[in-house]
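Next come the chains, spelled out residue by residue.
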Amino acid sequence: MTHAIDLVLQWPVDAVAAASIVDDEVTIVGSREQRFPLASLTKLATALAVLIAVEEGTVALDDDVAALLERPELSPLRLDDLLSHSSGLAPDAPARWLATAAHRRIYSNAGYELAADAVARRSGMPFDTYLHDAVFAPLAMRSTALSGSPASGGVSTIDDLVMLLHELRAPRLISSTTHERMVTPHHPGLSGILPGFGRQDDNSWGLGPEIRNGKSPHWTGSLNSAGTYGHFGRSGTFLWIDPSARRSVIALTNREFGEWATIEWPRLSDAILSQ
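The written sequence of each chain sets the order in which its residues are numbered from 1. With pLDDT at 70 or above as the cut-off, local features in this predicted model cover only qualifying residues; side-chain atom pairs require 80 or more to be listed or tallied, and sums for whole chains, interfaces and linings still use all residues. Side-chain metrics in this entry use all non-hydrogen atoms of the structure; hydrogen atoms and water are not considered.

Peer 1: Give me helix α5 (residues 127–136): which residues, what numbers.
Peer 2: Among all positions in α5, only Phe-127, Tyr-130, Leu-131, Ala-134, Val-135 and Phe-136 are buried. Buried residues of α5, seen end-on, are gathered within an arc of 160 degrees and therefore sit on one face of the element. Looking at the buried residues of α5, the elements they touch are α1 (42–56), α4 (109–123), β4 (145–146) and α6 (158–169). Relative accessibility decides the category of a residue: with a 1.4 Å probe and only protein chains considered, values under 20% of the type maximum give buried, values over 50% give exposed, and everything between is partly exposed. Numbering of helices and strands runs from the N terminus, with a helix taken as a DSSP run of H or I at least four residues long and a strand as a DSSP run of E at least two residues long. Picture the helix axis, draw a direction to every C-beta atom, and the arc is the one those directions span. Any two residues whose heavy atoms approach within 4.5 Å at even a single point are treated as in contact.

Peer 1: So what's going on with the sheet that holds strand β10 (residues 237–242)? Residues and values would help.
Peer 2: With respect to topology, 6 strands assemble into an open sheet ordered β2-β1-β11-β10-β9-β8, the strand pairing being antiparallel. Taken across any chain shown, the strands that pair with only one partner, and hence form the sheet edges, are β2 (25–30) and β8 (210–211). Helix-sheet contacts for helix α8 (residues 259–274) involve β1 (16–22), β9 (229–233), β10 and β11 (247–253), and the interaxial angle to β10 is about 30 degrees. For two strands to be treated as a pair, DSSP must find at least two bridges joining them. Whenever a helix is involved, its axis is fitted only over the stretch in contact; in every case the axis is a line through C-alpha atoms, and angles between N-to-C directions fall within 0 to 180 degrees.

Peer 1: With reference to specific residues and values, describe the packing of α1 against α5.
Peer 2: Geometry of a packed helix pair, given as the angle between the helix axes and the separation of the axes. Between α1 and α5, the least distance of the axes is 9 Å, while the angle of their chain directions is 85 degrees. Classed by the angle they form, the pair α1 and α5 counts as roughly perpendicular. From α1, Ala-45, Thr-46, Leu-48, Ala-49, Ile-52, Ala-53 and Glu-56 reach across to α5, where they touch Phe-127, Tyr-130, Leu-131, Ala-134, Val-135 and Phe-136. Here the angle decides the label: under 35 degrees means roughly parallel, over 145 means roughly antiparallel, 65 to 115 means roughly perpendicular, and every other value means oblique.

Printed below as a string of structure tokens:
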């Protein structure tokens, strides 16, 4: 039987692994052993770990991370604003203000690094250890590791990412209430630049996942519902979940995001949703 996910085998990449979940049926193509750099897909695992820390009482979403980390020049700096790119921080280190919190959506790797630093400070362990113990080990993601920034330094296999996707669809590690907050726009209506796709009047983001809403152009398909959530990475990776359609897709490649992805990714998404 031919599956829409087989389209990835025609992509202009040297290596690819992909999975589609239609209802509860998982189809995987490509290399199942290769570990791919995740780039910003790492943020989904990092955000999940931070939310686990919130439920454990290690940190709180309204914590002033700047005060916790003794960075008074950045105070106030709420944890939930860091996870939703609404803190006003510049994209990369050194962390510095570009806007007032909750006024613009500014995609910030530096913000994720500060959020991870807060969990590390409060938990008393390095963030990569916390991430492994809180997320990777419970989800049996044995081939996944963080080697570098908690914003972009993950490496993983397609089978492990399927485990993460299942958790992001129907959580076991966090409550349904926390999950709902994770996938609901935080500070809805903020405008901002969606990396690779330009300014969006409503650049919706949850506490980790990007929310599709009415963005155009976009890396998902024209058939994706407004409630679709996920992320993509500069290394040529993406993951989305469309709860309305009960369909999800993961794609991992070894080719950096570029014009090819803006064509192939939406095409694949629409094929999955038409299946």
